[in-house]
Amino acid sequence: MMITPSILNADFAHISDEIAKVEQQADWLHLDVMDGHFVPNLSFGPAMVEAAKRSSNLPLDVHLMITEPEKWTSQYLKAGASNISFHFEACADSVALAAEIRKSGATVGLAIKPGTSFEQISDILPNFDLLLIMTVEPGFGGQSFMPEMLTKITTAREFISNHQLNIKIQADGGVNLSTIKAAADAGADVFVTGSVVYSADDPGDMINTLRKLIAN
Ligand code: DX5
Ligand code: ZN
């Protein structure tokens, strides 16, 4: 079970302090890249990934919510990404891009929006290390978890264990104190936590509390 806090709702004016608040408790740091095109919001680009690399020893988990991710992945790899997840809906050849990312030594995730079914991607899933299941419409932190995504998580978990694949399932969006257990029970093992962590008085403590909810 891994907790990967997203800095999207952190204070960008003090980003190294904000990262330090979760440095001891987080497994990876989740960085949400948005291009104002694939999603109706803009966040940050490779410079922020580089800044995170300089201020943290955590593996950097880069979630690209951008069109034509194949044009940009090399910049994020150079900036220090350990994992890159890109969207199936945004990429012309997801399998080729997965191979290219892996060649650099990073791991690769396939991200799917709520409207994309598991059946649409099951054939190509073995080419990935992680499946990122969006549990909100991508674009903004602080939205409500979509409970109807739980069956997609369960279907993915069954497929992965039936085929004896070593692929993580990451739930992203609206994961908080009241939803993390359901996502874990459905079969997720990596949890993006944005607003719940960065709105807490003690973000590190909040990660510990979340982790207790999914222990065992
Ligand atoms: C949404 C992003 C998420 C977001 C999570 O498009 O992919 O990673 O930052 O934030 P919360 O946990 O607040 O939903
Ligand atoms: Zn994300």
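Predicted model only: the values in this text are computed from it and were never measured.

Chemist: Looking at this model, I keep getting lost on the site of ligand 1. Mind explaining?
Modeler: Close to ligand 1 lie 20 residues; Asp32, Gly139, Gly142, Asp172 and Ser195 are nearest. Within the backbone of glycine 142, a nitrogen or oxygen atom sits 2.7 Å from an oxygen atom of ligand 1. Glycine 174 is positioned such that a nitrogen or oxygen atom in its backbone is 2.8 Å from an oxygen atom of ligand 1. In isolation ligand 1 has 380 Å² of accessible area, and contact with the protein removes 99% of it. When atoms are counted within 2 Å of each cavity's grid points, the one that captures over half of ligand 1 is the largest pocket.

Chemist: Could you clarify how one ought to interpret the environment of glutamate 119 in this entry?
Modeler: Of note, glutamate 119 is situated in the loop between β5 (107–112) and β6 (130–134). On the basis of relative accessible area, glutamate 119 is assigned to the exposed category, the value being 56%.

Chemist: Help me understand unusual backbone geometry in this model?
Modeler: Glycine aside, residues mostly have negative phi, and peptide bonds are mostly found in the trans state. Positive phi, close to 45 degrees, is recorded for glutamate 68, a residue that is not glycine. Mapping glutamate 68 onto the fold places it in the loop between β3 (60–65) and α3 (73–79). Looking at glutamate 68, the relative accessible area reads 37%, which means it is partly exposed. The phi dihedral of glutamine 164 is positive, around 50 degrees, even though this residue is not glycine. With respect to the helices and strands, glutamine 164 occurs in the loop between α5 (150–162) and β7 (168–172). Classification of glutamine 164 by relative accessible area gives exposed; the value is 75%.

Procedures and definitions
- Residues numbered from 1 in each chain as written.
- Chains lettered and ligands numbered in written order.
- Predicted model: local features only at pLDDT ≥ 70, side-chain atom pairs only at ≥ 80, totals over all residues.
- Heavy atoms only, no water.
- Near = heavy atom within 4 Å.
- Polar contact = N/O pair within 3.5 Å; in protein donor to acceptor, adjacent residues only side chain to side chain.
- Areas by Shrake-Rupley, 256 points an atom, 1.4 Å probe, with all protein chains shown as cover.
- 1 Å grid on protein atoms, 1.4 Å probe; cavity = no way out; pocket = protein on both sides within 12 Å on 5 of 7 lines; lining within 4 Å.
- Sits in = over half its atoms within 2 Å of the grid points.
- Helix = DSSP H or I, 4+ residues; strand = E, 2+ residues; numbered from the N terminus.
- Buried < 20%, exposed > 50% of the residue type's maximum accessible area, 1.4 Å probe, protein only.

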